[in-house]
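# Summary of structural features
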Amino acid sequence: AKKNIAKLFEPFSQSDGSTTRKYGGTGLGLSISRKLAELMNGEINAHSIEGKGSTFWFTTSMPAAVAEQADKIRQHNGWDSLLPTLETKTALVVHHCPNSAHCIGNNLKSLGVSVLEAESLDQAENIIQQGIAPNLIFLALDMPTGSGLQNSFKLAELAGLPESHITLVTPEMTSAPTNSHGQKQPSINSPIHFRSVYSVTKESFSTEKPGLTAANK
C-alpha cells in the first residue's frame, strides 16, 4: 500500500510481516539499496498499487555519461543550433530532495545552462529577491508546503516569467495539472531522464507563448 512505501526503505522493516514469516528475510535489502543509491548521488523509490504490483526505480548522478548522451541526442536531432541560446540562460531548480535537484541540475549543466538550486520555496524566493533572475524554473509538484500549481504561479510572478517557463517535476505516473489558461503545465516525471529535461527546456525557449505571464492572469 502507498502508506507503507516509506517504511520499506527503513532497516529491518517490511511492508507485510506475513512475508517474513513465510519466506524469511531480514528487511535490509532495500535499506542497503537506498544507501548505495545515495552514495552514487541518486535516490530510490517505488510506486505501488495494492493487489496489482509494484515498480521500483532508482537514479544515479553520472555527469560524464550524461554529457556523452547529450552529445549523441543533440547530433541525432540536429538541435545544436539551440545551444548558444541555452548557454546564456540560468535555471532555478526547486526540489525538497537534494539528489533529485542535483540530477536535474547536472542534465541542465551538460547543455551549458547555469544552475541554481533551492530545497524550499523560501530559499527560491530569497534567490529571486536577491536580483538573480532565472530564465527557467524546475519545481517539484510535491513540495512539503503549498499547492504545487499555486507555488508555480507564485514563483512565476516573482521572477517575471511566463507560466510556460515553469516546469513541474512530478512523481512517477503522475500527470501535470492544468494551469490558469486551461493548458497542461510543462512537466517531467521522476525518475529524471536527460531527454525529458532537454525536450522541456527546448520547448520553453524555442516557442514564444504570449499572454502566459503569471502577473497578467
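Anyway, here's the lowdown on the structure attached to this text. (Residues numbered from 1 in each chain as written. Predicted model: local features only at pLDDT ≥ 70, side-chain atom pairs only at ≥ 80, totals over all residues. Heavy atoms only, no water.)

## So, a nonpolar patch on the surface
For the record, the criterion: Residues enter patches when their relative accessible area tops 30% and they take part in no salt bridge; the joining distance is 9 Å for like charges and 5 Å for the nonpolar side chains Val, Leu, Ile, Met, Phe, Trp and Tyr. All accessibility values rest on the Shrake-Rupley procedure with a 1.4 Å probe; residue burial counts only the protein chains present in the view. The term salt bridge refers to a side-chain nitrogen of Lys or Arg lying within 4 Å of a carboxyl oxygen of Asp or Glu. Put simply, DSSP marks the helices as runs of H or I at least four residues long and the strands as runs of E at least two long, and each gets a number from the N terminus on.
Residues Ile 32, Leu 36, Leu 39, Met 40 and Phe 58 make up a contiguous nonpolar surface patch of about 520 Å² in total accessible area. The greatest single-element share of the nonpolar patch, amounting to three residues, is contributed by helix H3 (residues 29-39). Inspection of the secondary structure assignment puts Leu 39 in helix H3.

## Observations concerning unusual backbone geometry
Most peptide bonds adopt trans geometry, and most residues besides glycine take a negative phi value. Backbone torsion omega between Ser 190 and Pro 191 reads 0°, so that peptide bond is classified as cis. Tracing the sequence through the fold places Pro 191 in the loop between strand E7 (187-189) and helix H9 (194-206).

## Focus on the pairing of strand E5 (residues 136-140)
What counts, and what does not: Note on classification: 1.4 Å probe, protein chains only; a residue is buried when its accessible area is under 20% of the maximum for its type, exposed when over 50%, partly exposed between these limits. If DSSP finds at least two bridges between two strands, the strands pair. Handedness rule for crossovers: strands pointing away from the viewer, path from the first strand over the helix to the second running clockwise, crossover right-handed.
In terms of burial, E5 is largely enclosed, as five of its five residues are buried. Both faces of E5 are covered, namely the face carrying Leu 136, Phe 138 and Ala 140 and the face carrying Ile 137 and Leu 139. Where strand E3 (residues 90-94) lies against E5, four bridges are found, and the strand directions are parallel. The residue of E5 that forms the bridge with Val 94 is Leu 139. As for the winding sense of the linkage, the β-α-β connection from E5 through helix H8 (residues 148-159) to strand E6 (residues 166-170) is right-handed.

## What to know about the side chain of Gln 185
For the record, the criterion: Counted as a polar contact is a pair of N or O atoms within 3.5 Å, where, for protein atoms, one must be capable of donating a hydrogen and the other of accepting one, and residues adjacent in sequence contribute only when both atoms are in side chains. Contacts are residue-level and defined by heavy atoms, with any inter-residue pair within 4.5 Å sufficient.
Secondary-structure assignment places Gln 185 in the loop between E6 and E7. Within polar-contact distance, the side chain of Gln 185 engages the backbone oxygen of Glu 163 at 2.7 Å. A polar side-chain atom of Gln 185 sits 2.9 Å from the main-chain carbonyl oxygen of Ile 166. Contact partners of Gln 185, with chain neighbours within four places excluded, come to Leu 149, Glu 163, Ile 166, Leu 168, Ala 176, Pro 177 and Asn 179.

On their own, these measurements won't tell you what the molecule is for.
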